[in-house]
Amino acid sequence: MKLSPLVVLGMLATLGAIRPALAVDHDNIDADRPLDFDDAETIAFRERASEVGAGLAQRRGGKLGLASDVEYLYGFAKNWHLNLGVHPSLLGQEGQSRQFDVGDLAVGVQHNFNRETTSTPAFGFRADAYVPTGRGSRGTDFRLRGIMSRKFGRYGRLHLNADLNVNNSPNAGERRTLPGVLVGYSLPLGYPRRFDRTLVAQVGMRAATMSGDSAITNIGIGVRQQVAQRSVFDLGIKSDIAGGGNDRERFRVIAGYSTSF
Amino acid sequence: MKYLFFAAALAGIGFISPVVAWAAPGTTATGNNAVREIPALPANMPAWLNSTKNNEIFYKRGAYNFAITTIPELNRDMNGVAVGHALAYEALVTGREKSLETTVWKQIDQVLKNAPRFMPSEKTLSPTFGQKYGVLELVFDWTHVSHAQTIDLLSSPRFDNAAKDAETEKVWDYYRNQGAPFTVTGLPMNMAWLDSQPYSQAFRRKYPKVNALFWGYHWLQTSIYDGLREKTPAEQKKMYALLGKRYHDVELYDTKRPFMPMMAETSPLFSAKYPDIANAFDNLHMLHDMVNDILASDWMTDKQKSEQIKRAVYMMSPNAHKGCKPGENHGVIDGISHDHRFMVGMPGMGIMKNGINNAAQLANLEMKRHEGMNMGGMAMHSAAPSTAKAEEFDPTRLMWMPKMGWMDMSQCHHCTMPLTGGGDNPLSAWQNSTVSAEGWTMRVRCALCARDMSAEAKGGAILSLSTEDPHKRVIVFSDDRGNLTTDYKGAVFLEDEEKGGHPKCSQWSQAFTSRAAFDAYVAKNPKFKDSKPLSFEEWANVEAEGTPDTYEQEKGPVENPYAADLKARGIGTDEGEKP
């Protein structure tokens, strides 16, 4: 089955898409940096941040390729931020040579409803639109993500992300709506002796692009390392371990850098 | 799956209630066989005290941010402070208070000795504390940002002294004017009253070692302002070699300190020039103490603790003191002190404990209000000197410091002559010199007073000598043998006591940035036409003459106003005499 670039982008969006969060601190978890989940908190009002990432990825039956992401965040109001981003890639479909694709332009907002208390988790949501600027892309796609973050253990935190992806221009046999759920975990490493590193891990499930394919299960693990007062380096690996069809990704190794200004 | 999102969103909305529900005032609680009255909550506490919004605001942008990293040891020590605060708070609210003086203290001490390179996130280190007292955490965080930025600014080699002064005002404005309600007032507050709540002093009595750490952090955070001011990067590094050693060797472990370190005791020049900022930081540190005491008061329930913490936050907020001005005293209204008088000669310092009953004075004012003064809601009467019997002693005139005794903040601490400009005029704050030694920084009136006072101090000292230029000071380091050195090239000194005796020391004992500046001064003051311009080496080797004949030791209403407090902590009171 051949997949259009739009579908590929849709799959990538489902995998990791465009999300922000606090870029300046290793404790603040942010989708794509390096895994797929967000925490419920936004960046601060008037904060600006940029995030970049690059790595190797290989889809099932495809060639090893390059994937990257660039994103800009701005806290435009208290508990709100805006994000703009693209996901350029050099990937190949099964039996095809690799092609450069600048990717769709993602525009989104994230909102945090509340701070975590003893009785209530932190809740937030984000909404993203994917403008079809990528190779062969058509129609604007959307994603809505509900986020809940909660202390788990002494210093750890659990992050539940519930996604609803809307593919506005599906090809025959493709789903129009693709739900997904991710459970992320973050744990600062080294407390109470060192304070500059956080372990992140995730397990998730999402609907496959093709309506006949079973849901895709993915896992990932990574680390966020503070490298300067306002900068974090991250490294992670994730993989779809079960389900899906050609939209299943064997693995993705990603390294990234975030900074605020 | 999509329903999950909507459920999460709706659940989130449901937890952002602005409703404020306060407990009935004046309830009592028992503890240690004593019945104590829990302070009533003010009637109209603002809704933001119950908000669960994050409301984080980014700090003011500036090329000076994180300039503290140019002094790596100071940077690490400040990062260690954040860890210390957070670990202690987390232990207090997670049932580990019994290990506070042992295991937790050791953990904190280990971190302080191996402090991190980057500022850790306090809310990640103390997640349960953040869950329970989120608004308080916002107040702490936002005010700590202002603390950090002003220190960054003073550390920055990219700004000259005049630019630092201008930008300091902007940082303060930014702190107050970003629509964040969770700020701390810059008004002077009556420290004695704040430290006489039913729960006051519980923490320092139960956890003396951890309390010493807290006060040690606050000593560093307050001392560093005058420590950094108007020094070159090289001088700043030398300064911190001395100050940092004192911090690690003495201040972190001083369990006998009678009261928290105040900005004016450790950075009087900064406090005189920026009284609002100094007061805000003192109020922040007092809020820390009040929260510590509340959390250490087992006779209160968790709910009562939470309410008293909100009351304490409110007491320190600008909201609670709308319309009040520095220097005014409106007594206690609705359970909150509006005594904003400051110590004579020091606008950056609220009234300190002095042995008379400040609380009684304030209660007296409140009684008068209820007896018929038409206050019109929260309206104030004009600056009201109290009228109770105890006020035969002016509580604003004298304060007491360990090993220094009673002192008048408007006077030179070496010769007790009035400071130049009276000490309380921000515009003339630069005209006075200072001596930093033994954990304190004192203002003095002239270069001779600075030199001779440093000779009396134990250990090393730093002299910051004013010159004719508001933004240039001659920085002098004294080693523990009293040898003086400076990096300042070309400084010239005037010292001619025969031209007026010590009462006129500020005229005949001065430092100048250059020979030309000396000559200009002599041209304006012909009586010095025969006075010899002294090089630094000549000036530094003048034999100290000891206490000047103008010196008069002040006497307060009691020998040591902290005697009872210290006794309750099992500490002797023989520290009140001047060495």
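The structure presented is a predicted model; accordingly, all values stated were derived computationally and were not measured. (Residues numbered from 1 in each chain as written. Chains lettered and ligands numbered in written order. Predicted model: local features only at pLDDT ≥ 70, side-chain atom pairs only at ≥ 80, totals over all residues.)

Draft legend 1. View of the overall build of chain B. Broken down by element type, chain B carries 21 helices and 15 strands. Across chain B, every contact between residues at least 6 apart in sequence was considered, and the portion connecting residues at least 24 apart equals 72%. (Helix = DSSP H or I, 4+ residues; strand = E, 2+ residues; numbered from the N terminus. Contact = placed C-beta atoms within 7 Å.)

Draft legend 2. Structural context of the overall build of chain A. Helix and strand content of chain A: one helix and 14 strands. Oriented by its inertia axes, the alpha-carbon framework of chain A measures out at about 50 × 30 × 30 Å. Out of the 261 residues in chain A, the part that is buried amounts to 53%. Counted over contacts in chain A with a minimum sequence separation of 6, partners at least 24 positions apart contribute 56%. (Buried ≥ 20, exposed ≤ 12 C-beta atoms within 10 Å, placed from the backbone.)

Draft legend 3. Fine view of the interface of chain A and chain B. Counting from both sides, the interface comprises 39 residues of chain A and, opposite them, 34 residues of chain B. Mapped by element, the contributors of at least two residues to the side of chain A that touches chain B are strand E7 (122–131), strand E8 (141–151), strand E9 (157–166) and strand E10 (177–188) of chain A. Partitioned by chemical class, the residues of the side of chain A that touches chain B number 16 nonpolar, 11 polar and 12 charged. (Nonpolar A, V, L, I, M, F, W, Y, C, P; charged D, E, K, R; others polar.)

Draft legend 4. Local environment of the sheet that holds strand E12 (residues 473–478) of chain B. Residues and elements named next belong to chain B. With antiparallel pairing, the five strands of this open sheet are ordered in space as E10-E9-E11-E12-E13. Of all the strands in the sheet, just strand E10 (440–444) and strand E13 (484–486) have a single pairing partner and so form its edges. Here the strands of the sheet are splayed against their neighbours by 20° on average, with no regard to which way each runs. The pairing of strand E9 (residues 433–437) with E10 spans five bridges and is classified as antiparallel. (Pairing = 2+ DSSP bridges. Axes fitted to C-alpha atoms, helices over the stretch in contact; angles between N-to-C directions.)

Draft legend 5. Expanded view of the confidence of the model for chain B. Residue and element names in this part refer to chain B. On average, residues of chain B score 87 in pLDDT, and 87% of them are at 70 or above. Scored below 50 in pLDDT, residues 369–391 makes 31 contacts in the model with residues more than four places away or belonging to other chains. Below pLDDT 50 for its whole length, residues 575–579 participates in 12 contacts with residues either more than four positions away or in separate chains. Across the interfaces of the predicted complex, the ipTM metric reaches 0.87, alongside a pTM of 0.89. (pLDDT = per-residue confidence, 0-100.)

Draft legend 6. Representation of the nonpolar core in the model. Membership of the largest hydrophobic core comes to 156 residues, with the highest contact counts inside it found for Ala88, Val139, Leu287, Ala312, Val313, Met343 and Cys449 of chain B. Broken down by element, this core gets its largest block of residues, 12 residues, from helix H2 (residues 72–93) of chain B. Both of domain 1 (39–392) and domain 2 (410–540) of chain B provide at least three residues apiece to this core. Once residues lying within four places of it in the same chain are set aside, the contact partners of alanine 312 of chain B are Leu287, Met290, Val291 and Ile294 of chain B. Ala40, Phe123, Ile147 and Met148 of chain A belong to the second largest nonpolar core, which has seven residues in total. (Core = buried A, V, L, I, M, F, W, Y, C linked by C-beta atoms within 7 Å. Domains from an automatic or database assignment.)

Draft legend 7. Main features of the domain arrangement of chain B. Residues and elements named next belong to chain B. Its domain assignment divides chain B into domain 1 (39–392) and domain 2 (410–540). The straight-line distance from the C-alpha centre of domain 1 to that of domain 2 is 32 Å. Taken together, the elements giving at least two residues each to the side of domain 1 that touches domain 2 come down to helix H7 (161–176), helix H10 (208–228), helix H11 (233–249), helix H12 (263–266), helix H13 (268–273) and strand E6 (346–350). Here the residues of the side of domain 1 that touches domain 2 sort into 13 nonpolar, seven polar and nine charged.

Draft legend 8. Quick look at the pairing of strand E1 (residues 48–59) of chain A. Residue and element names in this part refer to chain A. Only one face of E1 is buried: it carries Ala49, Glu51, Gly53, Gly55, Ala57 and Arg59, and the other face, with Arg48, Ser50, Val52, Ala54, Leu56 and Gln58, is open. Across 11 bridges, the pairing between E1 and strand E2 (residues 63–77) is antiparallel. Across the sheet, arginine 48 pairs through a bridge with tyrosine 74, a residue of E2. Hairpin connection between E1 and E2: a loop of three residues separates the two successive antiparallel strands, and glycine 61 in this loop has a positive phi of roughly 80°. Pairing geometry for E1 and strand E14 (residues 249–260), over 11 bridges, is antiparallel. Following the sheet pairing, leucine 56 is matched in E14 by valine 253.

Draft legend 9. Structural view of the packing of helix H6 (residues 134–155) of chain B against H10 of chain B. Residues and elements named next belong to chain B. The contact between H6 and H10 brings their axes to 9 Å, and the two run at 25°. When the interaxial angle is binned, H6 and H10 end up roughly parallel. The element H6 and its partner H10 pack so that their crossing is left-handed. Across from His147, Ile151, Leu154 and Ser155 in H6, the residues of H10 making contact are Gln221, Ile224, Tyr225 and Leu228. When the residues that make up the contact of H6 with H10 are grouped by side-chain class, the tally is five nonpolar, three polar and no charged. (Parallel < 35°, antiparallel > 145°, perpendicular 65-115°, else oblique. Left-handed = near helix turned anticlockwise from the far one by under 90°.)

Draft legend 10. The arrangement of the environment of arginine 250 of chain A in detail. All names here are of chain A. Topologically, arginine 250 is positioned in strand E14. Judged by the 14 C-beta atoms lying within 10 Å of it, arginine 250 falls in the partly exposed class. Counting along the chain gives 181 residues from arginine 250 to aspartate 69, while the straight-line C-alpha distance between them is 19 Å. Excluding residues that lie within four positions of it along the chain, arginine 250 makes contacts with Gln58, Arg59, Arg60 and Ser239.

Draft legend 11. Expanded view of the confidence of the model for chain A. Per-residue confidence for chain A gives a mean pLDDT of 89; residues scoring 70 or more make up 90%. Low confidence marks residues 1–23 of chain A, where pLDDT is under 50. Its contacts with residues over four positions away, or in another chain, come to 89 contacts.

Draft legend 12. Representation of H7 of chain B. Residue and element names in this part refer to chain B. Between its terminal C-alpha atoms H7 stretches 23 Å, which fits the 22 Å expected from 16 residues at 1.5 Å a residue. Those residues of H7 that fall on the buried side of the exposure criterion are Lys164, Glu167, Thr168, Val171 and Tyr175. One side of H7 carries all its buried residues, which in axial view fall inside an arc of 120°. In this structure, H7 carries Ala162, Ala166, Glu169 and Asp173 as exposed residues pointing more than 90 degrees from its buried face. (Expected span 1.5 Å × (residues − 1). Arc of directions from axis to C-beta.)

Draft legend 13. How the structure looks around the packing of helix H14 (residues 275–295) of chain B against helix H15 (residues 302–315) of chain B. Residue and element names in this part refer to chain B. Axis separation between H14 and H15 bottoms out at 10 Å; the angle between their running directions is 170°. Considering the angle they form, H14 stands roughly antiparallel to H15. Like other packed secondary-structure pairs, H14 and H15 cross with a definite hand, here right-handed. Residues Leu287, Met290, Val291, Ile294 and Leu295 of H14 form the contact with H15, whose own contacting residues are Lys305, Gln308, Ile309, Ala312 and Val313.

Draft legend 14. The arrangement of the environment of asparagine 79 of chain B in detail. Residues and elements named next belong to chain B. Within the secondary structure, asparagine 79 sits in helix H2. Assessed through the 21 C-beta atoms surrounding it within 10 Å, asparagine 79 is described here as buried. For the pair asparagine 79 and serine 121, spaced 42 residues apart in sequence, the C-alpha separation works out to 9.6 Å. When residues no more than four places from it in sequence are discounted, the contact partners of asparagine 79 are Ala115, Pro116, Phe118, Met119 and Pro120.

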